[in-house]
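So the chains spell out like this:
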Amino acid sequence: MNTEIPSHGQPIDRFAAAISGEVYESVHSSSAIKSDKRQALLAGDYPNPKHLREIAGQIKQHTLESLDKYLPQAVESLERNGVRVHFAANGEEARQIIGSLLAARGAKKVVKSKSMATEEIHLNDYLAANGVDCIETDLGEFIVQIDGDHPSHIVTPIIHKNRRQIAKSFEKHGLGAYNDDPETITRRARKFMRDKYMSADAGITGANFVVAETGRLVLVTNEGNSRFSLAAPKLHIALVGIEKLVPSDRDLSVFLNLLVRSATGQQFTAYTEFISGPHASGQPSGPEEMHVVFLDNGRSDILAGDCREILRCIRCGACLNICPVYRQASGHAYRSVYPGPIGAVLSPLLAGEKFPSLADLPKASSLCGACNDACPVNIPIPDLLLRLRDKGKREHAPLASRGVPPMGGFAGLASQPALWKGALLAGHVMNYFPVEWVPVPPLSKWTAQRTLPEFRGGEFRKWWKQRRQR
Amino acid sequence: MSSKQQILNKVRQALSDKQNRAPYPVYDTAEYVAKPRVEGGSAEQVFRRNFAAVHGIVVGDFEELKAVLAKQPLKKGCCDPALTAKLQGLHIEWESEFNRNKFDEYDIGVTFASGAVAETGSLMLKDRATADRLSALAPWVHVAVLKRSEIYLTLPEALQRLGDDPNVILVTGPSKTADVEGILIEGVHGPGVQIAWLVD
């Protein structure tokens with residue numbers, strides 16, 4: 001991932017300006033289609049989707065604020081089901097745990113089902129460096145992997161690529177002569193992957209939800225890749241963020257219905273798997289051994305802070321799809337594993353000490369609130385962005401104030417009534433000469449692209465005075 | 001101190017100053033049932049409609065199954081031994097055990113379903129009742145034998161039936177992807193043809 005910060009200007013603007021027309025077109029049209037589908041489906045299926053999102057948010061918020069009860073309960077349930085549970089304080093520890101679990105069984109070949117948590121800890125690079133052949137099985141993630149690229153979206157990792165680019169990658173990596181027909185591409189991936197599944201020693205997955213009461217891991221996929229990763233190999237390792245819990249099985253009807261509709265605009269995914277342990281005794285296929293690695297990696301710090309609502313996130317990607325900034329800039333502009341509005345909050349928080357390097361992200365928003373309206377767990381993303389802007393300022397992160405004109409003059413003016421009144425009168429003069437001539441650099445940057453409306457200052461004060469006289 | 005203790009302590013500390021913790025909300029799972037999807041007939045009729053909507057194929061008897069399978073080039077299949085007797089006369093060479101070394105030779109797999117969800121158009125497969133996970137997954141065609149009495153109308157009802165099986169999967173039509181330019185392609189890693197065979 002390109003984490004290099006450009007030396008001037010807002011990083012996200014520079015990324016947005018640098019993306020090609022092809023990428024812009026792919027991202028813009030796919031995200032718009034997904035948003036429309038989501039809205040139509042929710043409105044068609046439910047009389048009051050907003051209420052359903054609020055309840056879902058409350059369940060998640062409750063779970064987080066009682067995590068000291070639910071996390072130990074989940075461990076107990078999982079262990080009762082025959083699952084070995086591990087805890088990793090950070091990415092390094094998680095990588096080591098997974099590495100040693102694989103080594104203990106002599107596992108050299110791994111099939112991996114799409115998981116943001118494994119992206120977060122850069123598991124693939126670690127396994128490759130340790131001589132483990134780990135293949136991404138989700139079609140999009142597989143393409144990202146062979147390209148040496150990074151996902152630009154949390155649900156549709158190759159939203160930034162079109163069929164011609166994919167066909168070229170397949171050709172380059174020996175998956176047949178150039179053919180950009182999506183069906184041919186898919187069939188070739190199917191053929192290639194089947195041998196990989198059958199010869200794999202282990203399957204690695206994430207989890208969409210973990211039910212504390214029953215110890216059930218829930219995995220949703222469309223392609224059947226996670227199912228295959230848990231059918232052929234004998235070892236299953238799941239890496240799960242500690243915030244993924246829900247209290248009980250009944251809550252799954254809330255989250256499954258909202259997650260899938262919000263993520264892909266489908267009413268249900270093709271495969272929804274409820275896993276509570278190794279395969280049933282006597283079964284020929286499926287894992288003999290199952291491990292869950294709970295990952296903290298900054299989450300307990302977020303829980304202690306004033307942005308804990310972000311931990312409600314169920315990774316549906318709806319806020320990316322609806323966001324005008326994401327649609328312009330694409331995912332790589334966020335320079336982290338989690339892009340879009342959710343990433344603008346989560347990534348700087350997960351960065352911990354490296355917060356300053358991502359302090360500009362909370363500013364990459366017009367605070368239009370579309371993300372909040374789209375969120376199936378009703379996360380107040382705009383409020384959280386404001387809290388992080390404040391944090392950036394307080395901690396004097398240079399990126400938090402880059403490109404912002406000094407506001408000292410305005411503050412002086414606004415805090416002295418007499419001066420303010422004078423300024424309002426002077427404002428009317430502005431209507432008589434073109435503002436483009438104003439030689440102040442921060443202002444001219446603004447006016448170069450925008451037309452200033454006619455100045456009508458002072459109206460409120462007039463109205464207020466008259467109102468009191470009446 | 002182990003990482004487990006450390007993390008659990010951090011979580012406890014993070015919440016220690018929280019006076020009024022968010023309560024578990026009062027709600028009815030029925031609110032999350034998509035009414036338009038469950039209306040218009042019996043559980044079987046609703047299942048037929050919704051399973052067809054996700055491009056699954058429902059057959060009501062052996063003759064119908066025969067007609068559907070005749071459209072596919074099927075040579076070899078893997079079939080739950082309890083079902084082989086019912087599947088004669090299809091000109092398919094049946095094996096009762098899934099041979100991993102020949103995984104690519106099976107064109108069709110036949111296993112038992114443990115239920116279905118009418119609302120979502122999903123088959124419910126439970127590990128204990130499935131002869132082999134791979135027979136339900138690796139071949140291009142999968143036939144799940146489903147008892148009519150085990151079709152549950154809504155998702156919340158079905159979730160109450162998960163029981164203590166270590167692996168339950170809801171299969172909602174054929175496997176699919178839209179990763180390439182958002183274009184829907186069926187039959188990615190799992191079956192491209194998903195059939196539900198209703199029996200009494």
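Located above this text is the structure these notes cover.
The text that follows walks through the structure, step by step, so that each part is easy to find.

Calculation rules
- Residues take numbers from 1 onward in each chain, read along the sequence in its written order.
- All chains are assigned letters beginning at A, and all ligands numbers beginning at 1, according to the order in which they are written.
- The model is predicted, so local features are restricted to residues of pLDDT at least 70 and side-chain atom pairs to those at 80 or more, both for listing and for counting; the totals for chains, interfaces and linings are taken over all residues.
- Note that water and hydrogens are dropped before the side-chain values are worked out from all heavy atoms of the structure.
- For the purposes of this section, nonpolar cores are sets of buried Ala, Val, Leu, Ile, Met, Phe, Trp, Tyr and Cys residues that join through side-chain atoms within 4.5 Å.
- A 1.4 Å probe rolled over the protein chains alone gives each residue an accessible area, and that area as a share of the maximum for its type sets the label: buried under 20%, exposed over 50%, partly exposed in between.
- Put simply, DSSP H or I for four residues or longer makes a helix, DSSP E for two residues or longer makes a strand, and each gets a number counted from the N terminus.
- Contact definition: two residues touch when any of their heavy atoms are within 4.5 Å.
- Expected span of a helix, by definition, is 1.5 Å for each gap between consecutive residues, and there is one gap fewer than residues.
- Here the arc refers to the set of directions running from the helix axis out to each C-beta atom.
- Any residue with an atom within 4 Å of a point lines the site, the site being either a cavity, points on a 1 Å grid over the protein atoms alone where a 1.4 Å probe fits but cannot get out, or a pocket, an open set with protein on both sides within 12 Å along at least 5 of 7 lines.
- Grid points are joined across faces, edges and corners, and a volume is the space filled by probe spheres set on the points.

Counting 113 residues, the largest nonpolar core has Phe294(A) and Ile310(A) as its most contacted members. Among the elements that make up this core, the one with the highest residue count is helix α12 (residues 251–264) of chain A (seven residues). Those residues within four positions of Ile310(A) in sequence are excluded, and the remaining contacts are Ile302(A), Ile342(A), Val345(A), Leu346(A), Leu349(A), Ile379(A) and Leu384(A). Within the second largest apolar cluster, 48 residues are counted, among which are Phe142(A), Phe103(B), Leu123(B) and Ile151(B).

Right, let's get into helix α4 (residues 67–80) of chain A. Residues and elements named next belong to chain A. With 14 residues, α4 should reach 20 Å at 1.5 Å per residue; the first-to-last C-alpha distance of 19 Å fits that figure. The complete set of buried residues in α4 reads Leu67, Tyr70, Leu71, Ala74, Val75, Ser77 and Leu78. Summarising the axial view, the buried residues of α4 lie within an arc of 170 degrees, below the 170-degree limit, and thus occupy one face. The exposed residues of α4 that point more than 90 degrees off its buried face are Glu76 and Arg80. Phi turns positive, to about 90 degrees, at Gly82, one or two residues after α4.

Turning to empty space enclosed by the protein, a few remarks are in order. Residues and elements named next belong to chain A. Counted according to the given criterion, the structure contains four cavities of 30 Å³ or more. Considered as a void within the structure, the largest cavity measures approximately 110 Å³ in volume. Lining the largest cavity are 17 residues, and of these Cys323, Pro341, Ser365, Cys368 and Cys371 sit closest to its centre. Only α14 (318–322), α15 (324–329), α16 (340–350) and α17 (370–374) provide two or more residues apiece to the lining of the largest cavity. There is about 80 Å³ of room inside the second largest cavity. Along the walls of the second largest cavity sit 13 residues, with Cys313, Cys316, Cys319, Ile342 and Cys375 positioned nearest its centre.

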